[in-house]
Amino acid sequence: MKKIFLNICLTIPFLSFGQNLQVVPLGVYGGSNESNLSAYLIGEENTTDYLALDGGTIYSGIEKAIEKGTFDVENAKVLKDYIKGYFISHGHLDHLSGMIINSPEDSKKPIYGITEMINVLKNKYFTNDAWANFGNEGEAPVLNKYSYKYAEIGKQFPIENTNLKGTIYELSHVNPMKSAAILIENNENAAIYFGDTGADRIEKTTKLTTIWKAVAPKIKTGKLKTLLLEVSFPNSQPENLLFGHLTPNLMNEEMAKLAKEVGVKQFKNLTIIVTHIKPKGDYEQKIQEELLKNNPYKINYIFPKQGERIILK
């Protein structure tokens, strides 16, 4: 009996420590194509316990993941059982419409976010005029399917029914409108997902600088190696028409600030999953070319494809 107990004790840390993280993109674009809008599942490798990072597209993204062999179960199984909760970065439709549309078929789960985002859900979308109130607060009747979890900025919290923890930070998306980022981590690995964000210089804020300072220690230790960060427009987009988004040049501007916090050598292990590209004309091709051509910090860029799993190592 003692030997069995010892084996169990030795096995539990092996299972719970050192797990790589994985990302399944359910939607990758920043507008126009309603079947492929911002939504990424993140969880530990070899598990089916995911947090949805935004929810612009859900059903169509799951279907694409099944089609590509990422999931081998029915759509409803992924929706109800695999997705343990949602982080919604801000209240724009391309980041939450899929979650809302699928809410009647969903199971009970939490929604994590900043107060401003939750207020949009509560007061604009989950109302009788717009849909129905699937939240646990707001206009009657309250259906209590989703429970709102208000973030305390910069304070870590557990992601329910997973081995993950999250920390939410504020972003500026056309100042003074707020968006948010979330740092997701287990014992040994971490990734940070950014909702829509403008560069500090354009937004006249220090939101991104605050995040760079906060996550720099985790990059230095090698725990944090992956950023999911938006680049919506090519460099030809005028700065006065960015509407709270980044270009490749502005990406490099922000990476220069992060490099000062971390040290240039650390960037050899840094991966950026490029999110929220606007699917307009040749924008996607131009953004990829501009990022790869002017890459002073030798960042490993990944351009995600809907439904294709990404293992973060």
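Quick notes on the rules
- Residues numbered from 1 in each chain as written.
- Predicted model: local features only at pLDDT ≥ 70, side-chain atom pairs only at ≥ 80, totals over all residues.
- Heavy atoms only, no water.
- Helix = DSSP H or I, 4+ residues; strand = E, 2+ residues; numbered from the N terminus.
- Rg over C-alpha atoms; globule rule 2.2 N^0.38 Å.
- Buried < 20%, exposed > 50% of the residue type's maximum accessible area, 1.4 Å probe, protein only.
- Contact = heavy atoms within 4.5 Å.
- Areas by Shrake-Rupley, 256 points an atom, 1.4 Å probe, with all protein chains shown as cover.
- Lys, Arg positive; Asp, Glu negative; His and termini not counted.
- Charge placed at Lys NZ, Arg CZ, Asp CG, Glu CD.
- pLDDT = per-residue confidence, 0-100.
- Core = buried A, V, L, I, M, F, W, Y, C linked by side-chain atoms within 4.5 Å.
- Phe/Tyr/Trp six-rings, centres within 6.5 Å; stacked < 30°, edge-to-face > 60°.
- Salt bridge = Lys/Arg side-chain N within 4 Å of Asp/Glu carboxyl O.
- Axes fitted to C-alpha atoms, helices over the stretch in contact; angles between N-to-C directions.
- Left-handed = near helix turned anticlockwise from the far one by under 90°.
- Nonpolar A, V, L, I, M, F, W, Y, C, P; charged D, E, K, R; others polar.

Right, let's talk about the overall build of the protein chain for a bit. Summing up its helical and strand segments, the protein chain has nine helices and 14 strands in all. Against the compact-globule benchmark of 20 Å for 313 residues, the protein chain has a radius of gyration of 19 Å, which places it among compact chains. Once the C-alpha set of the protein chain is aligned to its principal axes, its extents read approximately 60 × 55 × 40 Å. In the protein chain, which comprises 313 residues, the proportion classed as buried is 54%. Sequence-distant contacts in the protein chain: of pairs separated by 6 or more residues, those separated by 24 or more amount to 63%. Accessible surface for the protein chain amounts to roughly 13,900 Å². Of this, 53% is attributable to carbon and sulfur atoms. The positive charge centre, built from 36 side chains, and the negative charge centre, built from 35, are 7 Å apart in the protein chain.

Before going further, it helps to spend a moment on the confidence of the model for the protein chain. Averaged over every residue, the pLDDT of the protein chain is 94; residues scoring 70 or more account for 94%. Here residues 1-16 scores under 50 on pLDDT; set against residues more than four positions off or in separate chains, the count is two contacts.

What follows is about the nonpolar core. Membership of the largest hydrophobic core comes to 54 residues, with the highest contact counts inside it found for Y86 and L121. Those residues in contact with L121, other than ones at most four positions away along the chain, are L96, M99, I100, I111, F126 and Y148. Counting 39 residues, the second-largest nonpolar core is a separate cluster that includes I211, V231, F267 and L270.

This structure, assessed with the given rule, holds 12 aromatic pairs. Seen in terms of ring centroids, Y50 and Y82 are 6.5 Å apart; in terms of plane orientation they differ by 40 degrees. Their pairing is tilted. One end of the pair, Y50, is in strand 3 (residues 50-53); the other, Y82, is in helix 3 (residues 75-82), with 32 residues separating them in the sequence. Comparing Y50 with Y82, the two get one shared label, buried. Considering the side-chain rings of Y112 and F157, the 5.2 Å spacing of their centres and the 20 degrees angle between planes classify their relative orientation as stacked. Of this pair, Y112 sits in strand 5 (residues 109-113) while F157 sits in strand 7 (residues 157-158), placing them 45 residues apart in sequence. The class of F157 is buried, set by a relative accessible area of 15%.

In this section: the pattern of salt bridges. Working definition: two side chains of opposite charge can pair if their charged atoms are close together. Under the criterion given, the structure shown has 19 salt bridges. A salt bridge links K223 to E185; its shortest N-O distance comes to 2.7 Å. Of the two residues, K223 sits in the loop between helix 7 (207-221) and strand 11 (224-230) while E185 sits in strand 9 (residues 178-185), which places them 38 residues apart along the sequence. You can call K223 buried: its relative accessible area is 17%.

Once that is clear, we can look at the side chain of T70. For T70, the position within the fold is in the loop between helix 2 (59-67) and helix 3. Look past the residues within four positions of T70 in its chain and what remains in contact with it is V24, A65, G307, E308 and R309.

This paragraph deals with the packing of helix 2 against helix 3. One way to put it is that helix 2 packs onto helix 3 with a least axis distance of 9 Å and a crossing angle of 115 degrees. As helix 2 packs across helix 3, the resulting crossing turns out to be right-handed. Here Y59, I62, E63 and I66 of helix 2 come into contact with helix 3, specifically with N75, V78 and L79. When the residues that make up the contact of helix 2 with helix 3 are grouped by side-chain class, the tally is five nonpolar, one polar and one charged.

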